[in-house]
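Chain residues, written in single-letter form:
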Amino acid sequence: MRVLPVVKHGDPVLTNGVEQISEVTDEIRSLIDDMIYTMRNGDTPAVGLAAPQIGRAIALIVAEPPPEYKGLEAVHDGAVVVINPEIVYGVGATVVEEGCLSCPGITADVQRPATVIVKGLDRDGRPVKLEAEGALARIFQHEVDHLHGKFFFDHLNPIKRQLLKSRIRRT
Ligand SMILES: [Zn+2]
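These notes cover the structure that comes with them. (Residues numbered from 1 in each chain as written. Predicted model: local features only at pLDDT ≥ 70, side-chain atom pairs only at ≥ 80, totals over all residues. Heavy atoms only, no water.)

Notes on the overall build of the protein
Summing up its helical and strand segments, the protein has three helices and eight strands in all. Reading the protein from its N end, one meets helices and strands in the order α-β-β-β-β-β-β-β-β-α-α. A compact globule built from 171 residues would reach a C-alpha radius of gyration of about 16 Å, and the protein, at 15 Å, matches this within 12%. For the protein, the C-alpha atoms occupy an extent of roughly 45 × 35 × 30 Å along the three principal directions. Burial status across the protein gives 48% buried among its 171 residues. Pairs at least 24 apart in sequence give 66% of the contacts found in the protein among residues at least 6 apart. Accessible surface, the protein as shown: approximately 8700 Å² in total, 49% of it carbon and sulfur. Looking at the protein, you have 19 positive and 23 negative side-chain charges, and the mean spots of the two groups are 6 Å apart. (Helix = DSSP H or I, 4+ residues; strand = E, 2+ residues; numbered from the N terminus. Rg over C-alpha atoms; globule rule 2.2 N^0.38 Å. Buried < 20%, exposed > 50% of the residue type's maximum accessible area, 1.4 Å probe, protein only. Contact = heavy atoms within 4.5 Å. Areas by Shrake-Rupley, 256 points an atom, 1.4 Å probe, with all protein chains shown as cover. Lys, Arg positive; Asp, Glu negative; His and termini not counted. Charge placed at Lys NZ, Arg CZ, Asp CG, Glu CD.)

Structural data, given as structure tokens:
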């Protein structure tokens, strides 16, 4: 396993959207393992990563479940892996500060549903349906946004968004 370079804001792969994964091949499984490794061992450790962030326009996310989550489906090597994830239900609202490996140097308070249901496939290609609340619900939403070409600051009003984008570190 290896640390993959993380793509930064401004690269079109982060805004162009993704293709669904039609078959979970060995190459995809190996990519998943590298994404988990990158999330944990990169210069800045993270709690989630979406495939566009490592330059691949495919529908795949990995997330580090907070320790209070036990008995989750779709776990591989301690991380949640969802292929072709789709948020099918969201309820409630919380505001929490977020940042992103692809947008170094900025953070913002973002309002999102507190509880979500995510459907997709696990690393073995089996259908899964995950209900998440709290931190994990937020990670899922942040990472699924990346698959749709959205950043966390796209949830802010235009003035705040512009201000934040101007502060993203370019190095
Ligand atoms: Zn992000």
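Concerning helix H2 (residues 134–147)
Taking 1.5 Å per residue as the helical rise, H2 with its 14 residues ought to reach 20 Å, and the 21 Å between its terminal C-alpha atoms agrees with that figure. For H2, the buried fraction is high: twelve of the 14 residues fall into the buried class. Within H2 the residues assigned to the buried category are Leu136, Ala137, Arg138, Ile139, Phe140, Gln141, His142, Glu143, Val144, Asp145, His146 and Leu147. Immediately downstream of H2, the backbone of glycine 149 shows phi near 75 degrees, a positive value. (Expected span 1.5 Å × (residues − 1).)

Looking at the coordination of the zinc ion
Around the zinc ion, the protein contributes the donor atoms Cys100 (SG), His142 (NE2) and His146 (NE2), at 2.0 to 2.3 Å from the metal centre. Taken in chain order, the donor set of the zinc ion reads C-x41-H-x3-H. Here histidine 146 and histidine 142 lie together in helix H2, a separation of four residues that amounts to about one turn. Histidine 146 carries the same exposure label as histidine 142, and that label is buried. (Donors = N, O, S within 2.8 Å, 3.2 Å for Na, K, Ca; no water.)

Thoughts on the environment of aspartate 154
Position of aspartate 154 among the secondary structure elements: in the loop between H2 and helix H3 (158–165). Sequence-wise, aspartate 154 and alanine 51 are 103 residues apart; in three dimensions their C-alpha atoms are separated by 19 Å. Those residues in contact with aspartate 154, other than ones at most four positions away along the chain, are Gly149 and Arg161. A distance of 2.7 Å separates a polar atom in the side chain of aspartate 154 from the backbone nitrogen of phenylalanine 151. (Polar contact = N/O pair within 3.5 Å; in protein donor to acceptor, adjacent residues only side chain to side chain.)

Details of the state of the cysteines
Evaluation of the coordinates by the stated rule reveals zero disulfides. Free of any disulfide, cysteine 103 has its nearest neighbouring cysteine sulfur in cysteine 100, separated by 4.3 Å. (Disulfide = S-S within 2.5 Å.)

Examining the pattern of salt bridges
Counted according to the given criterion, the structure contains eleven salt bridges. Of the charged contacts, one joins arginine 138 and glutamate 98 as a salt bridge, the two residues approaching to 2.6 Å between their closest N and O atoms. Residue arginine 138 is found in helix H2, and its partner glutamate 98 is found in strand E5 (residues 94–99); the two are separated by 40 residues along the sequence. Side by side, arginine 138 and glutamate 98 carry an identical accessibility label, which is buried. (Salt bridge = Lys/Arg side-chain N within 4 Å of Asp/Glu carboxyl O.)

Remarks on helix H1 (residues 26–41)
With 16 residues, H1 should cover 22 Å at 1.5 Å per step; its first-to-last C-alpha distance of 22 Å lies within 8% of that length. Within the sequence span of H1, burial applies to Ile28, Leu31, Ile32, Asp33, Asp34, Met35, Ile36, Thr38 and Met39. Packed against the buried residues of H1 are strand E1 (48–50), strand E2 (60–63), strand E3 (75–76) and strand E4 (79–91).

Functional significance is not addressed by these values, which are geometric in nature.
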